[in-house]
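Descriptive structure summary
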Amino acid sequence: AIAQLDVALRVRLAEGVDMCAGVIGPLHVRLPNKTSRLTQEEEWQLTVAAKASRRVGGAPILVVIDHESCQCHPQGTPPLDPYYEHMWTTVWEAQKKDGEGEGNPQPRVAVVNPCRHRDDLSGAKLLLRKGCCVGLTCSGYDYSVVEQRWPGKAPLRSPDDALRVMERLVTDADSREDAAGRLMVSTGVMMRMHLKKYGGCGYGFAPALLRRQVPQRYSECHEMIDRMTFCNAVDFLAYPWTPPPAAEVSVQTFLCHWCRGAYPDTQVKYEKLGFTYCSMPCLSSHRKVHFDPFVTGLSIAS
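Now for a quick tour of the structure. Because the structure is predicted, anything quoted here is derived from the model rather than measured. (Residues numbered from 1 in each chain as written. Predicted model: local features only at pLDDT ≥ 70, side-chain atom pairs only at ≥ 80, totals over all residues. Heavy atoms only, no water.)

Right, let's get into unusual backbone geometry. The amide bond that connects G25 to the next residue, P26, takes the cis arrangement and shows omega of 5 degrees. Mapped onto the secondary structure, P26 falls in strand β2 (residues 24–30). Despite not being glycine, R260 has its phi angle at roughly 65 degrees, a positive value. Summarising the element assignment, R260 is placed in the loop between β8 (253–255) and β9 (262–264). In this model, F291 sits at a positive phi of 55 degrees, which is unusual for a non-glycine residue. Inspection of the secondary structure puts F291 in the loop between α10 (280–288) and α11 (297–301). Taking the relative accessible area as the measure of exposure, F291 reaches 15% and is therefore buried. (Helix = DSSP H or I, 4+ residues; strand = E, 2+ residues; numbered from the N terminus. Buried < 20%, exposed > 50% of the residue type's maximum accessible area, 1.4 Å probe, protein only.)

What follows is the structure in structure tokens.
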């Protein structure tokens, strides 16, 4: 899976002029527990990332939702729609202020695992309508302890959760068209034990899982599965790269009294009786006219 993605990105970069592949991030953002707003630190991180994206031609921004610090039980937790609305507005305003004039391009943002649990899809659908990419990951291990304590309300961590969310996003009428081009499903390798070398499922687990377990009645969606596990990621990572403008270097100079040339301050200079010279020959020439302040090498030559 990684090798195929690498080859596809190389082909995409070879086709376009001044194309680049990469991402700004990942930016780790915690799900809200008490208020539907970003913290000041998270808002600052998104603002910096949006301005950096704008300067290099629209590099994609990757935001990873941290479920570790959130309450798994949904009762009493704020809705996610205002939270993701605030996240999108923060990125959009930062890019708009950093750009000049009208016609600012839409920010390219991917939010990984935006759902609080498998049945909470309103936030993911809002992000898709805004033009964001939505990433779903599953490590291949079932967090049965969390599932037993909160049935049906555990964070998205198991393959069944990813399958259920993916199926609803690609079949619901209000998200089907957006999910086809902006939904990305991956294994979500987070530790060494997830790799095949150490007994895990490997990077190719998610594509194989979707092709194996998607019901036959959705056989027409296999092309969409290829997009969600491969093509959409290539489209997200490749972007037209614009070199940032060269930084203006301010150089301090001094003026030679005799030859009237301007020279950088880093060059050796000579001073005599309040006059500045670029070299000893200029100083000696001025000495011959008794350091007359109204006489220069240019006036004698003329």
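As a further point, take the sheet that holds β2. Taken in spatial order, the five strands line up as β2-β3-β4-β5-β6 in an open sheet, and their pairing is parallel. At either margin of the open sheet sits one strand with a lone partner, and together these are β2 and β6 (183–186). Strand-to-strand twist of the sheet, defined as the mean angle between neighbouring strand axes without regard to direction, takes the value 25 degrees. Contacts between helix α2 (residues 40–55) and the sheet are confined to β2 and β3 (61–66), with β2 contributing the most and set at about 160 degrees to the helix. (Pairing = 2+ DSSP bridges. Axes fitted to C-alpha atoms, helices over the stretch in contact; angles between N-to-C directions. Contact = heavy atoms within 4.5 Å.)

Quick look at the side chain of N232 now. For N232, the position within the fold is in helix α9 (residues 222–237). Residue class for N232 comes out buried when judged on its relative accessible area of 2%. For N232, the side chain forms a polar contact with the main-chain oxygen of L183, separated by 2.9 Å. Excluding anything up to four places from it in sequence, N232 contacts A179, A180, G181, R182, L183, M184 and R227. (Polar contact = N/O pair within 3.5 Å; in protein donor to acceptor, adjacent residues only side chain to side chain.)

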